[in-house]
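As a plain string of letters, each chain reads:
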Amino acid sequence: MAANSTKSRPIPPQLVLLVGILAASAASIFIRFAQQEAASLVVAAYRMGVAGLVMAAIALPSRRDELRGLSRRDLALAGLSGLFLALHFATWIQSLAMTTVASSVVLVTTSPLWLALLAHWLLGERIRQHTAIGLGIALLGAIVVAVSDSCLQTGGGLTCPPLSEFMQGEAFVGNLVALVGALTGAGYFLIGRSLRQKLSLTSYVFLVYASAGFILVLMVAASGLPATGFSSQTYLWLVLLGLVPQLIGHSSFNWALGQLPAAYISLPLLAEPVATTLLAIFILGEVPSGLKMAGAGLILAGILLGNRRARQKAAKSV
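Keep in mind that what you see is a predicted model, and the values were worked out from it rather than measured. (Residues numbered from 1 in each chain as written. Predicted model: local features only at pLDDT ≥ 70, side-chain atom pairs only at ≥ 80, totals over all residues. Heavy atoms only, no water.)

Attention shifts here to the nonpolar core. Formed by 52 residues in total, the largest nonpolar core has its most connected members in Val43, Leu85, Trp92, Tyr209 and Leu216. Those elements that place two or more of their residues in this core are helix 2 (27-34), helix 3 (40-62), helix 5 (72-96), helix 6 (101-108), helix 10 (170-195), helix 11 (201-223) and helix 12 (232-259). Listed in part, the 21 residues of the second largest apolar core include Leu115, Ala142, Leu190 and Ile299. (Core = buried A, V, L, I, M, F, W, Y, C linked by side-chain atoms within 4.5 Å. Buried < 20%, exposed > 50% of the residue type's maximum accessible area, 1.4 Å probe, protein only. Helix = DSSP H or I, 4+ residues; strand = E, 2+ residues; numbered from the N terminus.)

Given below as structure tokens:
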């Protein structure tokens, strides 16, 4: 890897990556505040709608020729990617209304492991042993998190409701919805991996964000949910959600990781749920139990193990 120079890269990419992690970690807090007045689906539509409009203002003037040269297949794939992204945010944001921030965030972070399974089933890519073990560890962690949300931890052990009540409990259903968010996120990443080989980052992000926002607006219209009439404070949270976690957070990830070895790719995956949980403790007063922390630790360990190959390949190139 070439030596870094202050002249060519005045902003330390590690600092940009840290800013991205902090910005993305604020998403759950903004969502919780917005959900006091707005339905989860409406919150998702505002998030992607705001991000899509900003990206349109950036991409349409600067990437017009590239966008005009896209084939119908490319546009269809971008639309499909946007559909998966819309479903990802619709389900994940709904899960935040049903379960704790810590549970929702660590469960939705398992997307890369589900991506490995989808790539195996759909593209025939081989799942390496460490990825399979990582997935197993993460699934065990997900079970522990689900139990921690539905059972009462006492000095003498765990007190759990009957199985029928356990399966129907709001927190348990919310955890399942968060896992659906992880699966749809994996579908978004799988399609994006193909499209990004043809498109610049600006064009790809614009197409996907705009299509996701459009789909979510249609879903809100079809549902009949109120999308206006909120307080100015709620509108502020909705706009900040699209600007800070979506645009600043994810754009910072993309820029910083383009300047750093691929070994850093696990940092946002591991640091974001930790930072989000800390924010939830201090701002929302949601203190996770020891059992939940153990389950979250298993999930993050599974992600770390599942991404081992990328880090090893990067280490050889440095």
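The structure having been displayed, the exposition proceeds.
So, about the layout of surface pockets. Put simply, the second largest pocket is a space of about 220 Å³. Met55, Leu201, Leu247, Ser251 and Asn254 are the residues nearest the centre of the second largest pocket, which is lined by 14 residues in total. Here the lining of the second largest pocket takes six residues from helix 12, the largest share from any one element. In the lining of the second largest pocket, the residues fall into nine nonpolar, five polar and no charged. (1 Å grid on protein atoms, 1.4 Å probe; cavity = no way out; pocket = protein on both sides within 12 Å on 5 of 7 lines; lining within 4 Å. Points joined across faces, edges and corners; volume = space filled by probe spheres on them. Nonpolar A, V, L, I, M, F, W, Y, C, P; charged D, E, K, R; others polar.)

Using the criterion set out here, one finds six aromatic pairs in the structure. Measuring from centroid to centroid gives 6.3 Å for Tyr46 and Tyr235, while their planes differ by 65 degrees, and the two rings are edge-to-face. Remark: Tyr235 occurs in helix 12 and Tyr46 occurs in helix 3; sequence separation between them is 189 residues. These aromatic residues form a ring-pair network of at least three members: Phe30, Phe33 and Trp237. (Phe/Tyr/Trp six-rings, centres within 6.5 Å; stacked < 30°, edge-to-face > 60°.)

Time to look at the confidence of the model for the protein chain. Here the protein chain shows a mean pLDDT of 84. Residues at 70 or above account for 84%. Across residues 1-7, where pLDDT falls below 50, the model places six contacts with residues more than four positions away in sequence or in other chains. Within the model, the stretch residues 314-318 combines pLDDT values under 50 with six contacts to residues more than four positions away or in other chains. (pLDDT = per-residue confidence, 0-100. Contact = heavy atoms within 4.5 Å.)

With that out of the way, let us pick up the side chain of Thr110. Along the chain, the position of Thr110 falls in the loop between helix 6 and helix 7 (111-123). Here Trp114 takes part through its side chain, which lies 3.0 Å from a polar atom of the side chain of Thr110. Those residues in contact with Thr110 that sit more than four places away from it in its chain are Ala138, Leu179, Ala182, Ile299 and Ile303. (Polar contact = N/O pair within 3.5 Å; in protein donor to acceptor, adjacent residues only side chain to side chain.)

Tallied over the entire structure, the rule returns two salt bridges. Arg32 is the salt-bridge partner of Glu286, the closest N and O atoms lying 2.3 Å from each other. Linking Glu286 in the loop between helix 13 (266-284) and helix 14 (290-306) with Arg32 in helix 2, this pair joins segments that are 254 residues apart in sequence. Salt-bridge contacts for Lys198 lead to Asp74; the nearest nitrogen and oxygen are separated by 3.2 Å. Taken together, the residues Lys198 in the loop between helix 10 and helix 11 and Asp74 in helix 5 connect sequence positions 124 residues apart. (Salt bridge = Lys/Arg side-chain N within 4 Å of Asp/Glu carboxyl O.)

This next bit is on the packing of helix 3 against helix 11. Viewed as axis vectors pointing N to C, helix 3 and helix 11 meet at an angle of 145 degrees, and their least axial separation amounts to 7 Å. Taken as a pair, helix 3 and helix 11 cross one another with a handedness that is left-handed. Of the residues assigned to the contact of helix 3 with helix 11, the class counts are 20 nonpolar, five polar and no charged. (Axes fitted to C-alpha atoms, helices over the stretch in contact; angles between N-to-C directions. Left-handed = near helix turned anticlockwise from the far one by under 90°.)

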